[in-house]
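Single-letter residue listing:
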Amino acid sequence: MYNLPNILTLLRVILIPVFVGLFYYPSSSSNMFAAIVFVVAALTDLLDGYLARRLKQTTKFGAFLDPVADKIMVCTALVLIVEYYSVHVGEFFPHINLLVTIPAMVIIAREIVVSALREWMAEIGQRAQVAVNWVGKWKTTIQMTAIALLVWRYNEVMIYASLGLLAVATILTIWSMVMYLRIGLSHMTEEEITAVDKRTAVQAIAPVAATTTAAANTENSAEATATPTETPATPAPVPESTVAAAATSGSVETSALAESSENTPAESAAAAPTTAVAEGESEAASSTAASASPETAAEAEATNK
């Protein structure tokens, strides 16, 4: 931050109170020294920018402080000379104060407008569009010369010449301000047109989007109606006769059936064929017993008696 260009910029800020003190110092030569200090400050304005570019020592601090120091120096000098020529108007020709006050107001107003415009252009990324041009450079040079001569006020010829230079600087001030404002207004108009185009596009797309959404909802409803609702299949209950037959048979399948009746319906349905097999075996056993020989039956009857 503390490189040579920034030191020169800080020096210009420090010279401002020195300039004010010399301007009000009650001496016949104080105005000349005040003018010299002002010229030195103006030269540092040219030198710090040149050195920053040449030595590649541009910094954010210098970019901020350089225009601030310039504007403080110029505005302070303009206020001082307006006050002086308004108080000592009787020493010169009538209305000389107006020839100093009106240009001073125009220059200060221009500095405020252009500074605000450059700040806004920097926000939208177009700061380079309002960079200092050749009109601004000539305006600054003539303006600094006029102010230095009005501060020195060595004789009437110098005062009249400085008033003429101040008038030229005022014309260039207005010219450069108009140039910058035209550039800024063009970007403002582009933004307004872009905003209107966006609103128009949104209004044009909205009905199409609504129609598309409605069509999609209708299609989804039709698909939901056409697709049948799948219901889970209810397993068939186990017949009671099967359970009773399995209980009388005393086979191992009875316990399996009991376990199947405590399980899920799907498991019960899987156990049903096993129960049917058990029932078939029981019926076969009964048929075999019925077809036994009469002798076996008679022997059994005699035994019972």
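Residues numbered from 1 in each chain as written. Predicted model: local features only at pLDDT ≥ 70, side-chain atom pairs only at ≥ 80, totals over all residues. Heavy atoms only, no water.

Attention now moves to the overall build of the chain. What the chain contains, in helices and strands, is 10 helices and zero strands. Beginning at the N terminus, the succession of helices and strands in the chain can be written as α-α-α-α-α-α-α-α-α-α. Within the span of the chain, comprising 305 residues, buried residues form 29% of the whole. Nonlocal contacts in the chain, meaning residues at least 24 apart in sequence, comprise 71% of its contacts between residues at least 6 apart. For the chain, the exposed area adds up to about 19200 Å²; of that, 67% sits on carbon and sulfur atoms. (Helix = DSSP H or I, 4+ residues; strand = E, 2+ residues; numbered from the N terminus. Buried < 20%, exposed > 50% of the residue type's maximum accessible area, 1.4 Å probe, protein only. Contact = heavy atoms within 4.5 Å. Areas by Shrake-Rupley, 256 points an atom, 1.4 Å probe, with all protein chains shown as cover.)

Turning next to a nonpolar patch on the surface. Taken together, the side chains of Val-113, Leu-181, Leu-185 and Met-188 define a hydrophobic patch exposed on the protein surface, amounting to about 290 Å² of accessible area. Counting residues per element, the nonpolar patch draws most heavily on helix H6 (residues 156-226), at three residues. Position of Val-113 relative to the elements: it lies in helix H4 (residues 96-123). (Patch = residues over 30% accessible without salt bridge, like charges linked within 9 Å, V, L, I, M, F, W, Y side chains within 5 Å. Salt bridge = Lys/Arg side-chain N within 4 Å of Asp/Glu carboxyl O.)

Here we take up helix H5 (residues 134-152). Taking 1.5 Å per residue as the helical rise, H5 with its 19 residues ought to reach 27 Å, and the 27 Å between its terminal C-alpha atoms agrees with that figure. Buried residues of H5: Val-135, Gly-136, Lys-139, Ile-142, Gln-143, Met-144, Ala-146, Ile-147, Ala-148, Leu-150 and Val-151, and no others. With a side-chain oxygen lying 3.3 Å from the backbone nitrogen of Val-135, the N-terminal cap of H5 falls on Asn-133. Downstream of H5 by one or two residues, Arg-153 has phi in the positive range, about 45°. (Expected span 1.5 Å × (residues − 1). Polar contact = N/O pair within 3.5 Å; in protein donor to acceptor, adjacent residues only side chain to side chain.)

This part covers the side chain of Ser-162. You can see Ser-162 is positioned in helix H6. From its side chain, Ser-162 meets the backbone oxygen of Ile-159 in a polar contact 2.6 Å long. The residues contacting Ser-162, other than those within four sequence positions of it, are Ala-146, Leu-149 and Leu-150.

What follows is about the packing of aromatic side chains. The tally for this structure, following the rule as stated, stands at nine aromatic pairs. Seen in terms of ring centroids, Phe-19 and Phe-23 are 6.3 Å apart; in terms of plane orientation they differ by 45°. Their pairing is tilted. Remark: Phe-23 and Phe-19 occur in helix H1 (residues 4-24); sequence separation between them is four residues, near one turn of the helix. The pair formed by Phe-19 and Phe-23 is uniform in burial state, with each residue classed as buried. Judged by centre distance (5.6 Å) and plane angle (85°), the ring pair of Trp-134 and Trp-175 falls under edge-to-face. Taken together, the residues Trp-134 in helix H5 and Trp-175 in helix H6 connect sequence positions 41 residues apart. An aromatic cluster of three or more residues is present, and its members are Phe-19, Phe-23, Tyr-24, Phe-38, Tyr-84, Tyr-85 and Phe-92. The side chain of Arg-118 reaches across the aromatic face of Tyr-180, ending 5.1 Å from its centre. Its guanidinium or amino end placed over the ring of Tyr-84, Arg-153 lies 3.7 Å from that ring's centre, counting from NZ or CZ. (Phe/Tyr/Trp six-rings, centres within 6.5 Å; stacked < 30°, edge-to-face > 60°. Lys NZ or Arg CZ within 6 Å of the ring centre and 35° of its normal.)

Of all hydrophobic cores here, the largest spans 33 residues; its most connected members are Phe-19, Phe-38, Leu-78, Ile-81, Tyr-85, Ile-147 and Val-151. Those elements that provide at least two residues to this core are H1, helix H2 (30-54), helix H3 (60-87), H4, H5 and H6. In terms of residue count, H3 provides more of this core than any other element does, nine residues in total. In this structure Phe-38 touches Phe-19, Met-73, Ala-77, Met-144, Ile-147 and Ala-148, once residues within four positions along its chain are discounted. Residues Val-114, Leu-117, Met-121 and Tyr-180 belong to the second largest nonpolar core, which totals six residues. (Core = buried A, V, L, I, M, F, W, Y, C linked by side-chain atoms within 4.5 Å.)

The next point concerns the pattern of salt bridges. All chains considered together, the criterion is met by seven salt bridges. Arg-12 is the partner of Asp-48 in a salt bridge, and the nearest nitrogen-oxygen pair spans 3.2 Å. Linking Asp-48 in helix H2 with Arg-12 in helix H1, this pair joins segments that are 36 residues apart in sequence. Like Asp-48, the residue Arg-12 is buried in the burial classification. Residue Asp-70 pairs with Arg-12 through a salt bridge whose shortest N-O separation is 2.9 Å.

That's the geometry; what it means functionally is another story.
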